[in-house]
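Single-letter residue listing:
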Amino acid sequence: SAVISQKPSRDICQRGTSLTIQCQVDSQVTMMFWYRQQPGQSLTLIATANQGSEATYESGFVIDKFPISRPNLTFSTLTVSNMSPEDSSIYLCSVVIREWADTQYFGPGTRLTVL
Amino acid sequence: SQKIEQNSEALNIQEGKTATLTCNYTNYSPAYLQWYRQDPGRGPVFLLLIRENEKEKRKERLKVTFDTTLKQSLFHITASQPADSATYLCALNTGGFKTIFGAGTRLFVKA
């Protein structure tokens with residue numbers, strides 16, 4: 001398994017500002033993903049964070065709004081830019097440890113509230 | 001596109017009974033299906049994975065079935081305990097490492 005930490009655990013932000021969320025894993029992992037979970041809803045995949053290259057975004061998510069970095073095999077950041085109240089959600093980092101493994105391990109999440 | 005349906009109503013059961021949660025999907029059968037547990041304020045935790053060629057999988061008090069004809073998976077917790085109270089998510093592989101999640105079913109086990 002993997003131990004995943006996220007910072008911050010929660011934040012309250014003003015409309016129009018940006019927040020960067022960090023995801024740190026205790027071991028090298030093959031795949032890293034960013035999800036959003038709105039209250040009472042399922043997890044929605046935002047993007048796959050690719051090491052050393054641009055992230056792969058899902059339909060409905062764009063790099064200008066959710067820039068992602070992944071400088072190495074253990075760390076990634078997600079920025080929520082120009083926030084609006086609709087961005088209030090829990091943001092989760094997840095990893096797959098090895099290319100042939102199917103299980104995802106999730107971080108504790110970052111609870112974001114935008115006023 | 002593939003969709004997952006889980007009972008949005010909470011499931012309330014008495015301690016010691018078997019809890020059964022349902023996951024239905026709409027389109028093609030996935031290569032595998034997973035169940036996760038999520039506690040309030042925490043990320044999902046992996047429980048079980050079942051592949052399309054497997055009918056049933058067990059782990060301690062947990063059992064998962066996978067019926068590709070019905071497009072359904074059932075998740076059972078036997079001898080349920082109050083500590084089993086949580087939200088349980090069904091997740092389908094949609095190709096590569098991409099996974100879609102159901103909204104989850106909340107389980108409450110009363111002592």
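Residues numbered from 1 in each chain as written. Chains lettered and ligands numbered in written order. Predicted model: local features only at pLDDT ≥ 70, side-chain atom pairs only at ≥ 80, totals over all residues. Heavy atoms only, no water.

**With respect to unusual backbone geometry**
Alright, step 1. Look at the link from Lys7(A) to Pro8(A): it is a cis peptide, with omega at -10°.
Alright, step 2. Tracing the chain through its elements places Pro8(A) in the loop between β1 (4–7) and β2 (10–13).
Alright, step 3. The phi angle at Glu60(B) is positive, at roughly 55°, despite the residue not being glycine.
Alright, step 4. Considering the arrangement of structural elements, one finds Glu60(B) in the loop between β6 (56–59) and β7 (62–67).
Alright, step 5. Of the residues examined, Glu60(B) reaches a relative accessible area of 79% and is grouped as exposed.
Alright, step 6. With phi around 55°, Lys71(B) is a residue other than glycine that occupies positive phi space. (Helix = DSSP H or I, 4+ residues; strand = E, 2+ residues; numbered from the N terminus. Buried < 20%, exposed > 50% of the residue type's maximum accessible area, 1.4 Å probe, protein only.)

**Focus: the interface of chain A and chain B**
Alright, step 1. If you look at the interface, chain A gives 22 residues, while chain B gives 18 residues.
Alright, step 2. Counting each side, the surface lost to burial between chain A and chain B is near 1500 Å², with a carbon and sulfur contribution of 55%.
Alright, step 3. Taken together, the connections running from chain A to chain B amount to 0 salt bridges.
Alright, step 4. Connecting chain A to chain B are 4 residue pairs in polar contact (both at pLDDT 80 or more). (Contact = heavy atoms within 4.5 Å. Buried area = accessible area lost by both parts, 1.4 Å probe. Salt bridge = Lys/Arg side-chain N within 4 Å of Asp/Glu carboxyl O. Polar contact = N/O pair within 3.5 Å; in protein donor to acceptor, adjacent residues only side chain to side chain.)

**Remarks on the state of the cysteines**
Alright, step 1. Here the structure, examined in full by the defined rule, presents 2 disulfides over all chains.
Alright, step 2. Covalently, Cys23(A) is tied to Cys93(A) through a disulfide, its sulfur atoms 1.9 Å apart. A torsion of -60° about the S-S bond marks the disulfide between Cys23(A) and Cys93(A) as left-handed. Highlighted residues: Cys23(A) in strand β3 (residues 19–25) and Cys93(A) in strand β9 (residues 89–96), separated in sequence by 70 residues. Cys93(A) carries the same exposure label as Cys23(A), and that label is buried.
Alright, step 3. Two residues, Cys23(B) and Cys90(B), share a disulfide whose sulfurs are 2.0 Å apart. Measuring handedness by torsion sign, the sulfur bridge of Cys23(B) and Cys90(B) sits at about -60° and is left-handed. In this pair, Cys23(B) is assigned in strand β3 (residues 19–25) and Cys90(B) in strand β9 (residues 86–95), connecting sequence segments 67 residues apart.
Alright, step 4. Not part of a disulfide, Cys13(A) finds its nearest cysteine sulfur in Cys23(A), a span of 18 Å. (Disulfide = S-S within 2.5 Å.)

**Observations regarding the sheet that holds strand β1 (residues 4–6) of chain B**
All names here are of chain B.
Alright, step 1. Spatially, 5 strands are ordered β1-β3-β8-β7-β6 in an open sheet, and the strand pairing comes out antiparallel. Among the strands making up the open sheet, the edge pair consists of β1 and β6. Put simply, the sheet's adjacent strands are angled 15° from each other on average, direction ignored. (Pairing = 2+ DSSP bridges. Axes fitted to C-alpha atoms, helices over the stretch in contact; angles between N-to-C directions.)

**So, the pattern of salt bridges**
Alright, step 1. Across all of its chains, the model carries 5 salt bridges over all chains by this definition.
Alright, step 2. With its nearest N and O atoms 2.6 Å apart, the salt bridge here joins Lys65(A) to Asp87(A). A residue pair is termed long-range when its members are at least 10 positions apart, and Lys65(A) in the loop between β6 (56–57) and β7 (68–72) and Asp87(A) in the loop between β8 (75–80) and β9 qualify at 22 residues.
Alright, step 3. In this structure Asp87(A) comes out as buried when scored by relative accessible area, which is 5%.
Alright, step 4. Across the pair Glu56(B) and Arg58(B) runs a salt bridge, and its minimum N-O distance is 2.9 Å.

**Quick look at the packing of aromatic side chains**
Alright, step 1. Tallied over the full model, the rule gives 10 aromatic pairs over all chains.
Alright, step 2. Taking 5.6 Å as the distance between ring centres and 65° as the angle between the ring planes, the aromatic pair formed by Phe61(A) and Phe66(A) counts as edge-to-face.
Alright, step 3. Among the residues examined, Phe66(A) registers a relative accessible area of 4% and is labelled buried.
Alright, step 4. Ring centres of Phe106(A) and Tyr36(B) lie 5.8 Å apart, and the angle between their planes is 90°; on these two criteria the pair is classed as edge-to-face. Residue Phe106(A) is located in strand β10 (residues 105–106), and its partner Tyr36(B) is located in strand β4 (residues 32–38); the two belong to separate chains. (Phe/Tyr/Trp six-rings, centres within 6.5 Å; stacked < 30°, edge-to-face > 60°.)

Purely geometric numbers; function is a separate question.
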